[in-house]
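Chain residues, written in single-letter form:
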Amino acid sequence: MQSTDRHTIIIGGGVIGVCCAYYLAKRGARVTVLERAQIGKAASFGNAGSITPDHPPINKPGRVSQALRSFLHPLNPLYVAPKLDPALARWLWLFSRSCTTRHLEHAMAALAPLGKTTRALFDELIEREKLKCYFRNDGYFEVYLTKQAWESAREEAAMVSRFGFHPEVISAGALREREPALNKGIVGGVFHPEAASINPYQFVLELAGRCENYGAKFRTGSEVVTLRPSGEVWNLETRDGEVLESHAVVLAGGAYSVPLFRKLGIDFPLQPAKGYHRDCTPPPGGPELLRHACVLGENMVFCTPMDGFVRFAGTLEFSGVNHEIRRGRLEQITKASARYLNTTSGAVIQSEWCGLRPCLPDGLPAIGPLARFPGLFVATGHAMMGLTLGPVTGKLVAECVLDHKPSLDISAFHPGRF
Ligand SMILES: Cc1cc2nc3c(=O)[nH]c(=O)nc-3n(C[C@H](O)[C@H](O)[C@H](O)COP(=O)(O)OP(=O)(O)OC[C@H]3O[C@@H](n4cnc5c(N)ncnc54)[C@H](O)[C@@H]3O)c2cc1C
């Protein structure tokens, strides 16, 4: 049987699952995506829409003390809920071990080629597939209110430059000239020219449409509850009792993937990190809220102009798999924005949302085959970079499934590394 005749089932119809479906179907493979709810409606729906190829992982020196401080300050951008949860405790232990300079270098060396490739793939996808998703190819500004935070951003920019990216340190005056919404308290920032932005939900929907043109099938409302190998094939059972057969399975269930790993006897240390967004428009007759995408550095809030509104998104909340909106944390996002921007007074809230980022403790995604289970591939754990790394993940997974040989070194992302 030719590799393209083999049937691949992708579990999860978020940005990762849809990108995997695209690169498999485009190469002529038989693909079905099983999605328990709706395509693109989980984390991929409301994220900040920023394509950030030079983004470092969350694991950095100093993060552990930041996480510990959050026990006392529940409105901190990074928050760990104080509760007895052995899986979270194990995750935090593994996380703390990789918040080192050495690990950051290792992670950047592994991620940089993916970042560069994914950026080129976005250009190619938008151009070739004519995706209507408000793609803006104009970078973003990271802006700071304190000299101390700007200083560490400059150090980070220097570190990122060593991996072939071109962040530019930029003065407060130059920043305000380019983005008039920034207020006088800004001391300086960093411009990331390789970045772009997009409406993330539109991107997923448009790409899913192109997958169907290439023959991929999507089944929504179809939750996989069990998967087991049976000779040359995999049997997947859905919640309503249907059993489907495939030659390859791609696990792309995002933050909800843990129960399926457990069914395979794998203790996969994935934790959800909740983030929120508020989409806002100016008050009637009020000034434009923002022209360019910005990150409000000290508060880790992304502000992204999209089609007709600005999305304010942020916070990393480790409180388990739940979709409870903690109002205080959500409000911090727009309160923080008012300290950086002079246009937000009276802004009209159009929507509020929370979603769960799938986070692995070393800050790197899991991409590739699980050697113990022939035919099983993993594509999850993309944390703050799932949209960014979607296309390259899809391409690499398609290469793993069809060629058994990815075109980039993915050894650092090996799903069995924990
Ligand atoms: C506030 C916020 C801002 C962010 N900003 C950015 C950004 O600017 N740039 C960026 O690159 N990333 C960003 N991210 C991260 C990004 O959104 C995620 O990394 C990405 O969406 C993860 O995609 P996914 O496909 O793995 O997961 P999801 O989008 O969560 O999709 C997983 C899907 O799998 C389905 N599923 C799970 N289990 C099963 C099952 N058993 N059977 C069937 N279906 C199943 C789920 O229903 C879900 O639809 C942000 C995240 C948040 C929360």
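What you see is a predicted model, and the numbers here were worked out from it, not measured in a lab.

The next subject is the nonpolar core. Core analysis: the largest hydrophobic core is formed by 55 residues, its most contacted members being I10, F203 and V250. For this core, the secondary-structure elements that each account for two or more residues are α1 (15-26), β2 (30-35), α5 (101-129), α8 (200-213), β13 (248-251), β20 (376-380) and α11 (386-403). With 10 residues, α1 is the single largest residue contributor to this core. For this core, the two domains that each supply at least three residues are domain 1 (3-45 + 202-269 + 363-413) and domain 2 (60-99 + 126-194 + 271-359). Dropping the residues within four chain positions of it, V250 is found in contact with T8, I9, I10, I11, C20, F377, A379, V397 and V401. Formed by 24 residues, the second largest nonpolar core is a distinct cluster that contains A181, C280, Y340 and C354.

This next bit is on the site of the ligand. The ligand sits among 35 residues. The nearest are E35, S44, S50, A383 and T388. In the model, an oxygen atom of the ligand is placed 3.2 Å from a nitrogen or oxygen of the A43 main chain. Backbone polar atom of A48 to a nitrogen atom of the ligand: 3.0 Å apart, as the coordinates give it. Out of a free accessible area of 1000 Å², the ligand has 97% covered by protein chains. Listing elements by their share of the shell around the ligand, those giving two or more residues are α1, β2, α2 (43-46), β14 (271-281), β18 (348-359) and α11. Considering only residue class, the shell around the ligand consists of 17 nonpolar, 14 polar and four charged.

One number sums up the size of the second largest pocket: a volume of about 280 Å³. In this structure, the second largest pocket is lined by 15 residues; those nearest its centre are A87, V258, R262, L270 and Q271. Listed by contribution, the elements that provide at least two residues to the lining of the second largest pocket are α4 (86-97), α9 (258-263) and β14. Residues belonging to the lining of the second largest pocket are distributed by class as follows: nine nonpolar, two polar and four charged. Composition of the lining of the second largest pocket by domain shows at least three residues from each of domain 1 (3-45 + 202-269 + 363-413) and domain 2 (60-99 + 126-194 + 271-359).

Per the counting criterion, the structure on display carries 12 aromatic pairs. With centroids separated by 5.6 Å and ring planes inclined at 55°, the aromatic side chains of Y140 and F302 adopt a geometry described as tilted. Of this pair, Y140 sits in strand β5 (residues 140-144) while F302 sits in strand β16 (residues 301-306), placing them 162 residues apart in sequence. The class for Y140 is buried, based on a relative accessible area of 5%.

This part is about the domain arrangement of the protein chain. We note that the domain assignment places domain 1 (3-45 + 202-269 + 363-413) and domain 2 (60-99 + 126-194 + 271-359) within the protein chain. Centre-to-centre separation of domain 1 and domain 2, based on C-alpha positions: 28 Å. Domain 1 puts 21 residues into the contact, and the matching count from domain 2 is 20 residues. Regarding the contact of domain 1 and domain 2, the summed buried area is about 1800 Å², with carbon and sulfur atoms giving 60% of it.

What follows concerns the sheet that holds strand β11 (residues 233-238). Reading across from one edge, β10-β11-β12 is the order of the three strands in this open sheet, with antiparallel pairing throughout. Looking along the sheet, the strands with just one partner apiece sit at the ends: β10 (224-230) and β12 (243-246). Adjacent strand axes in the sheet meet at a mean angle of 25° when their direction is disregarded. Pairing of β10 with β11 involves six bridges; the strand directions are antiparallel. Across the sheet, P229 pairs through a bridge with W234, a residue of β11.

Bringing the environment of R36 into the picture now. Position of R36 relative to the elements: it lies in the loop between β2 and α2. We classify R36 as partly exposed; its relative accessible area is 42%. Note: C-alpha distance between R36 and A110 (74 residues apart in sequence) is 32 Å. Excluding residues within four positions of it along the chain, R36 makes contact with G221, S222, E223 and Y256.

The topology assignment puts E127 in helix α5. On the basis of relative accessible area, E127 is assigned to the exposed category, the value being 56%. Residues E127 and L316, 189 residues apart in the sequence, show an inter-C-alpha distance of 33 Å.

Paired through their backbone hydrogen bonds, the strands of a sheet run either parallel or antiparallel. Ordered by their spatial adjacency, six strands build an open sheet running β9-β2-β1-β13-β20-β19, and the pairing between neighbours is mixed. Edge strands, defined here as strands with exactly one partner in the open sheet, are β9 (217-220) and β19 (366-369). Each adjacent strand pair in this sheet contributes to an overall mean axis angle of 20°, direction not counted. By the bridge criterion, four bridges tie strand β1 (residues 7-11) to β13 in an arrangement that is parallel. Among the inter-strand pairings, I10 is bridged to a residue of β13, identified as V250. In the packing of α1 onto the sheet, the strands contacted are β1, β2, β9, β13 and β20, and the crossing angle to β1 comes to about 165°.

So, how was this worked out
- Residues numbered from 1 in each chain as written.
- Predicted model: local features only at pLDDT ≥ 70, side-chain atom pairs only at ≥ 80, totals over all residues.
- Heavy atoms only, no water.
- Core = buried A, V, L, I, M, F, W, Y, C linked by side-chain atoms within 4.5 Å.
- Buried < 20%, exposed > 50% of the residue type's maximum accessible area, 1.4 Å probe, protein only.
- Helix = DSSP H or I, 4+ residues; strand = E, 2+ residues; numbered from the N terminus.
- Domains from an automatic or database assignment.
- Contact = heavy atoms within 4.5 Å.
- Near = heavy atom within 4 Å.
- Polar contact = N/O pair within 3.5 Å; in protein donor to acceptor, adjacent residues only side chain to side chain.
- Areas by Shrake-Rupley, 256 points an atom, 1.4 Å probe, with all protein chains shown as cover.
- Nonpolar A, V, L, I, M, F, W, Y, C, P; charged D, E, K, R; others polar.
- 1 Å grid on protein atoms, 1.4 Å probe; cavity = no way out; pocket = protein on both sides within 12 Å on 5 of 7 lines; lining within 4 Å.
- Points joined across faces, edges and corners; volume = space filled by probe spheres on them.
- Phe/Tyr/Trp six-rings, centres within 6.5 Å; stacked < 30°, edge-to-face > 60°.
- Buried area = accessible area lost by both parts, 1.4 Å probe.
- Pairing = 2+ DSSP bridges.
- Axes fitted to C-alpha atoms, helices over the stretch in contact; angles between N-to-C directions.

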